[in-house]
Amino acid sequence: WFPTRRGDYVLLEGDEFGKVLMQSPDTVQLRTPGRAIKYYRTTDFMAAMPVNLSEKGFGLYIHCYLDYRHRYQLTSAIRAVLEKQVRSALEHEEFGLHLHKLQVGFSRAERYALSLGVFAVFSGEAASRYIPIRRSLRQIIFDTCNDNGWSLAYSELKVNTGQDSLALDEGQALARR
């Protein structure tokens, strides 16, 4: 009645990731990425809504937020280039042969940004590499944007000092408090 078997890789609510080492009616043991073993009461494990990444594979959806200045090229040229370069970069990774599907498309217009969604589906054989794949996808997207001169969006906070208007990003504003 378990949704997992020994050796499966799972993702739990709260972005908890691990390999199932043992499961019984009372206890489930997961090996976390840091090699520690985490113990769960079976009821708590099931309540954490385990997603079995090994059984049928998994998909990752990454948002890329671009500045509004790219609005005229976003759904055509930028989307096509991003998809081509992400696919090419993934094919050069060790887990690239487990890529089943890749789609890049316009997601939505936000207040300060235009969102492109990158959706990649991998077979279950790549489940052990879930975290490196997610990190690699983010880096590939970021590098592709930089290589092509696409401005990433960020929200801006304007502070009126009485003489000049000073623009700070949210991180700088918080650091100055």
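Keep in mind the model is a prediction, meaning the values are calculated, not measured.

### Some points on the packing of aromatic side chains
1) Next: According to the stated counting rule, one finds 7 aromatic pairs in the structure shown.
2) Next: Consider the rings of tyrosine 9 and phenylalanine 17, whose centres lie 5.9 Å apart with planes at 15°: the pair is stacked.
3) Next: Ring centres of tyrosine 61 and phenylalanine 119 lie 6.3 Å apart, and the angle between their planes is 50°; this geometry places the pair in the tilted category. Pair noted here: tyrosine 61 is in strand β6 (residues 58-66) and phenylalanine 119 is in strand β8 (residues 114-122), with a separation of 58 residues, a long-range link.

### Some points on the confidence of the model for the protein chain
1) Next: Taken as a whole, the protein chain shows an average pLDDT of 88; of its residues, 86% reach a score of 70 or greater.
2) Next: Residue range residues 164-168 is modelled with pLDDT below 50. Its contacts to residues more than four positions away, or to other chains, number 15 contacts.
3) Next: Contacts from residues 170-177, a stretch scored under 50 in pLDDT, to residues over four places away or in other chains number 5 contacts.

### A look at the pairing of strand β1 (residues 9-12)
1) Next: The alternating pattern of β1 places Tyr9 and Leu11 on one face and Val10 and Leu12 on the opposite face, and all of these are buried.
2) Next: When β1 meets strand β2 (residues 16-23), the two strands line up antiparallel, connected through 4 bridges. Counted as the bridge partner of leucine 12 is glutamate 16 from β2.
3) Next: In textbook terms, the turn of a hairpin is the stretch between consecutive antiparallel strands, and for β1 and β2 this stretch comprises 3 residues, one of which, glycine 14, has a positive phi near 85°.
4) Next: By the bridge criterion, 2 bridges tie β1 to strand β5 (residues 51-52) in an arrangement that is antiparallel. Looking at the pairing, leucine 11 lines up with valine 51 of β5.

### Re the layout of surface pockets
1) Next: The calculated volume of the largest pocket comes to roughly 210 Å³.
2) Next: If you list the elements that add at least two residues to the lining of the largest pocket, you get β2 and α4 (130-147).
3) Next: Here the lining of the largest pocket is built from residues that sort into 6 nonpolar, 3 polar and 3 charged.

### A look at the sheet that holds β5
1) Next: Judged by pairing direction, the sheet is antiparallel, and its 5 strands sit side by side in the order β4-β3-β2-β1-β5 without closing on themselves. What marks the edges here is a single partner per strand, and that holds for β4 (37-41) and β5.

Rules and cut-offs
- Residues numbered from 1 in each chain as written.
- Predicted model: local features only at pLDDT ≥ 70, side-chain atom pairs only at ≥ 80, totals over all residues.
- Heavy atoms only, no water.
- Phe/Tyr/Trp six-rings, centres within 6.5 Å; stacked < 30°, edge-to-face > 60°.
- Helix = DSSP H or I, 4+ residues; strand = E, 2+ residues; numbered from the N terminus.
- pLDDT = per-residue confidence, 0-100.
- Contact = heavy atoms within 4.5 Å.
- Buried < 20%, exposed > 50% of the residue type's maximum accessible area, 1.4 Å probe, protein only.
- Pairing = 2+ DSSP bridges.
- 1 Å grid on protein atoms, 1.4 Å probe; cavity = no way out; pocket = protein on both sides within 12 Å on 5 of 7 lines; lining within 4 Å.
- Points joined across faces, edges and corners; volume = space filled by probe spheres on them.
- Nonpolar A, V, L, I, M, F, W, Y, C, P; charged D, E, K, R; others polar.

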